[in-house]
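# Summary of the model geometry
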Amino acid sequence: MTSFLSFLAPFTPFLATLLLLILLLEQISYLRKKRNVPGPNMVLPFLGNAISLVREPTNFWEIQADLAASLGFSVNYIIGRFILFIRNTELSHLIFANVRPDAFLLVGHPFGKKLFGEHNLIYMFGQDHKDLRRQIAPNFTPRALSTYTALQQIIILQHLKSWERLSSVSRGKPIPLRLLARDMNLETSQTVFVGRYLSNEARAQFKDDYNLFNTGLMKLPFDLPGFAFRNARLAVERLVETLSDCAAQSKKRMFQGDEPSCLIDFWMQETVREIAESKTALHHPSDDDIGSYLFDFLFAAQDASTSSLLWAVSVLDSHPDVLQKVREEVSGIWSPESDALISAEQLREMKYTQAVAREVIRYRPPATLVPHIAMKDFPLTESYTIPKGTIVFPSVYESSFQGFTEADRFDPDRFSEDRQEEVIFKRNYLAFGAGPHQCVGQRYALNHLVLFIAMFVTVLDFKRHRTDDCDEIMYCPTICPKDGCSISLSRRCPRYPNLSLN
């Protein structure tokens, strides 16, 4: 070792000079891409501002939004990547509308391909993407959605019961709702997407793997043994394998003529029909590809839905007038003592509750940022061209507070038939995206939120435990109340509905 160091000693000045040169060139490259756009003038070598992003993501993005106030966009540097944050709604639409090989690729996460794998719906574009969305369409017909709402309600009710029991044994101590809501949504997603094809053992492993994936989302992308990112990547591989097996089982059942009971069944039923009716060979995704696409559905539905449920509880607690109106509307349409599910027709009648759900999503859009990567230099404005390789973050959150009347105020009446702000300011309502990759499951997501609100406020009484920072936003990876939404619960109805999955 000593002899090796002695050998290197004469070269130390040259190596130090080379290192300084590399760092200088990196800084020059950043400034050349930055030009006159707001953003830090000096960045740490390679890491950039990654440490502040990981430690305080909320503060990091708030600073980017403030910097973007003048031009509508700002820049930064993270783990060797130049990034651009977009605050202006019209510029965000420009990105969403140009997902194609010579413009932008939707990546879902700055290091998504390494984490999610290559075969994923979010990485598709062009005719292949259109064909796949056509094949997915039967998953979200009124008939399919009606099947899902039945499953959703039964699982919601089961978890509301367990939450009430947990609150009753906590001896008055509030219970944090975030992890409980996440578990409920994971069970809902499992049951709605692949239902009967998961054994109890597979469900337990599924939950563990998804938690590993969720943890790795917010960590630095070190793909090494023992690091959270590596654990997350391996968990995704196992999840996709499990979902692929579910697709194979479903296809077999649909060939036998069984009735669909979950999302994969509706998909495979249509696939089987097309194969039977076609006289030529049709291209359909393999079971492995379908597993990857199902994971994309899971990723889109899971944490975003958890975020919306938590904010719904939070705003209903802080707006007792809204809570009272929801309870009055729901009780006039559905009673938990009826031992009946909320029907599709009853769901449509809950106009005000639907307005509350839409306002929750506008007021606190869960997927606040939608990362894209610039495949080529792209002219964003007359004076600035996005350099190739830039990771671009259109901010759905910032758009939600543009245009709307008193946008900083929680106001479900903005979605009433009289005001119709969702029509007037449609371009600012980007919670479900826009362009070719607009969320295909937005009706499902809205139904889930409306059903949860309706059953939660009817079945339970609740009280939010409020602290000075309880309404501050925390990224995890979607946005949630910083305190995890701590509440106390008690039963409101005389007895729970007698509903079962069997």
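Everything here concerns the structure above.
The sections below set out a description of the structure shown in this document. Position labels on residues start from 1 in each chain and follow its written sequence. Local features are withheld for residues below a pLDDT of 70 in this predicted model, meaning they are given only at 70 or higher, and side-chain atom pairs are given and counted only at 80 or more; totals for whole chains, interfaces and linings count all residues. The side-chain values count all of the structure's non-hydrogen atoms but skip hydrogen atoms and water molecules.

### Considering the overall build of the protein chain
Each helix is a run of H or I in the DSSP string that is no shorter than four residues. Each strand is a run of E no shorter than two, and both are numbered from the N terminus. Of the regular secondary structure elements, the protein chain holds 19 helices and 12 strands. Relative to the compact-globule value of 23 Å for 502 residues, the protein chain shows a C-alpha radius of gyration of 25 Å, a close match. Its C-alpha atoms give the protein chain principal-axis dimensions of roughly 85 × 60 × 55 Å. Only protein chains enter the calculation, and the probe is 1.4 Å; a residue is then buried if its accessible area is under 20% of its type maximum, exposed if over 50%, and partly exposed in between. Taking all 502 residues of the protein chain together, 52% fall into the buried category. Contacts are residue-level and defined by heavy atoms, with any inter-residue pair within 4.5 Å sufficient. For the protein chain, the proportion of contacts with a sequence separation of at least 24, taken over those separated by at least 6, is 72%. Every accessible area reported is derived by Shrake-Rupley at a probe size of 1.4 Å, with residue values counting cover from the shown protein chains alone. Carbon and sulfur atoms form 55% of the exposed surface of the protein chain, whose accessible area is close to 23,100 Å². Our radius of gyration looks at C-alpha atoms and nothing else; its globule reference is 2.2 Å times the residue count to the power 0.38.

### Overview of the pattern of salt bridges
Just to be clear on terms, a salt bridge is a Lys or Arg side-chain nitrogen sitting within 4 Å of an Asp or Glu carboxyl oxygen. Going through the model one piece at a time under the given rule, you end up with 31 salt bridges. Residues K207 and D183 are paired through a salt bridge, measuring 3.4 Å at the closest nitrogen-oxygen approach. On the criterion of sequence distance, the pair formed by K207 in helix α10 (residues 200–217) and D183 in helix α9 (residues 178–194) is long-range, its members being 24 residues apart. For the salt bridge of D339 with R495, the shortest nitrogen-to-oxygen distance reads 3.1 Å. With D339 in the loop between α14 (320–331) and α15 (344–349) and R495 in the segment after β12 (486–491), the pair connects residues that are 156 residues apart, well separated along the chain. Salt bridges sharing common partners tie together E359, R362, E406, R409, D411, R414, R419 and E421.

### Side note on the pairing of β12
Two strands qualify as a pair provided that DSSP identifies no fewer than 2 bridges between them. Inspection of the sheet shows strand β4 (residues 175–176) paired to β12 by two bridges, in the antiparallel sense. For I175, the partnering residue across the bridge sits in β12 and is I487. Here strand β9 (residues 460–464) pairs with β12 via five bridges, running antiparallel. Across the sheet, residue L460 finds its bridge partner in β12, namely R491.

### Remarks on the layout of surface pockets
Taken as a whole, the largest pocket holds about 670 Å³ of empty space. Think of a 1 Å grid over the protein atoms and nothing else: a 1.4 Å probe that fits but is trapped marks a cavity, an open set flanked by protein within 12 Å on at least five of seven lines marks a pocket, and residues with an atom within 4 Å of a point count as lining. What lines the largest pocket is a set of 31 residues, and nearest its centre among them are P57, T58, I473, M474 and Y475. Here the lining of the largest pocket gets seven residues from one element, more than from any other, and that element is helix α4 (residues 57–67). Partitioning the lining of the largest pocket into residue classes produces 13 nonpolar, seven polar and 11 charged. Grid points are joined across faces, edges and corners, and a volume is the space filled by probe spheres set on the points. Three categories are distinguished: nonpolar for Ala, Val, Leu, Ile, Met, Phe, Trp, Tyr, Cys and Pro, charged for Asp, Glu, Lys and Arg, and polar for the others, with Gly belonging to the last.

### Section: the nonpolar core
As used here, the term nonpolar core means buried Ala, Val, Leu, Ile, Met, Phe, Trp, Tyr and Cys residues forming a set that is joined through side-chain atoms within 4.5 Å. Within the largest apolar cluster, 77 residues are counted, with the highest numbers of intra-cluster contacts made by F452, I453 and F456. It is helix α19 (residues 442–459) that provides the largest number of residues to this core, a total of 11 residues. If you look at the next biggest cluster of nonpolar residues, it comprises 57 residues, including F206, A232, L263 and A301.

### Looking at the sheet that holds strand β3 (residues 104–106)
Spatial ordering of the open sheet is given by β1-β2-β8-β5-β3, a layout of five strands whose pairing is mixed. The open sheet terminates on both sides in strands that have one partner only, identified here as β1 (73–78) and β3. In this sheet, adjacent strand axes meet at a mean angle of 30° when their direction is disregarded. Examined bridge by bridge, strand β5 (residues 372–374) and strand β8 (residues 391–394) share two bridges and lie antiparallel to one another. Bridge pairing in β8 links I373 to I391. All axes here are fitted lines through C-alpha atoms, helices being fitted over the stretch that makes contact, and every angle between N-to-C directions spans 0 to 180 degrees. On the sheet, α4 packs against β1, β2 (81–86) and β8 and is oriented at approximately 140° with respect to β1.

### Quick word on the sheet that holds β12
If you walk across this open sheet you meet the three strands as β4-β12-β9, and the pairing is antiparallel. In this open sheet, the two edge strands, each paired with only one partner strand, are β4 and β9. Relative to the sheet, α19 contacts β9 and β12, its axis offset from that of β9 by approximately 95°.

### Describing the pairing of β1
Side-chain positions along a regular strand alternate between the two faces of the sheet. In terms of burial, β1 is a largely internal element, six of the six residues being buried. Residues F73, V75 and Y77 point to one face of β1 and S74, N76 and I78 to the other, with burial holding for every one of them. As paired strands, β1 and β2 are joined by six bridges and run antiparallel to one another. Residue pairing in the sheet places F73 in a bridge with I86 of β2. Counting the residues that bridge the hairpin from β1 to β2 gives two residues, and of these I79 lies at a positive phi of roughly 45°.

### A closer look at the environment of I453
One can find I453 in helix α19. For I453, a relative accessible area of 1% translates into the label buried. C-alpha of I453 to C-alpha of S335: the two residues are 118 residues apart in sequence and 14 Å apart in space. Residues in contact with I453, not counting those within four places in the same chain, are A312, L316, V326, T353, V356 and A357.

### Some details on a nonpolar patch on the surface
A cluster of nonpolar side chains, contributed by L24, L25 and I28, occupies part of the molecular surface with about 280 Å² of accessible area. Following the sequence through the fold, L25 ends up in helix α2 (residues 12–34). In this analysis, a patch consists of residues with relative accessible area above 30% that form no salt bridge, clustered at 9 Å for like charges and at 5 Å for the nonpolar side chains Val, Leu, Ile, Met, Phe, Trp and Tyr.

### Some points on the state of the cysteines
Linking two cysteines covalently via their sulfur atoms produces the bond known as a disulfide. In this description, a disulfide is simply a cysteine sulfur pair whose atoms lie within 2.5 Å. Inspection of the entire model under this criterion finds zero disulfides. Free of any disulfide, C246 has its nearest cysteine sulfur in C262, 8.2 Å distant. Taking relative accessible area as the criterion, C246 reaches 1% and is therefore assigned buried.

### What about the packing of aromatic side chains?
Here is the rule: rings of Phe, Tyr and Trp (six-membered ring for Trp) pair when centre to centre is within 6.5 Å. Planes less than 30 degrees apart are stacked, more than 60 are edge-to-face, and the remainder are tilted. What the rule picks out here adds up to 24 aromatic pairs. Measuring from ring centre to ring centre gives 5.6 Å for F73 and Y384, while their planes differ by 40°; the resulting arrangement is tilted. Of this pair, F73 sits in strand β1 while Y384 sits in the loop between β6 (378–379) and β7 (385–386); the two residues are 311 residues apart in sequence, bridging distant segments of the chain. For the residue pair F73 and Y384, the accessibility class agrees, reading buried in each case. Ring geometry for F213 versus F295: centroids 5.1 Å apart, planes at 80°, classification edge-to-face. Of this pair, F213 sits in helix α10 while F295 is found in helix α13 (residues 287–318), placing the two residues 82 residues apart along the sequence. Grouping residues by exposure puts F213 and F295 together as buried.

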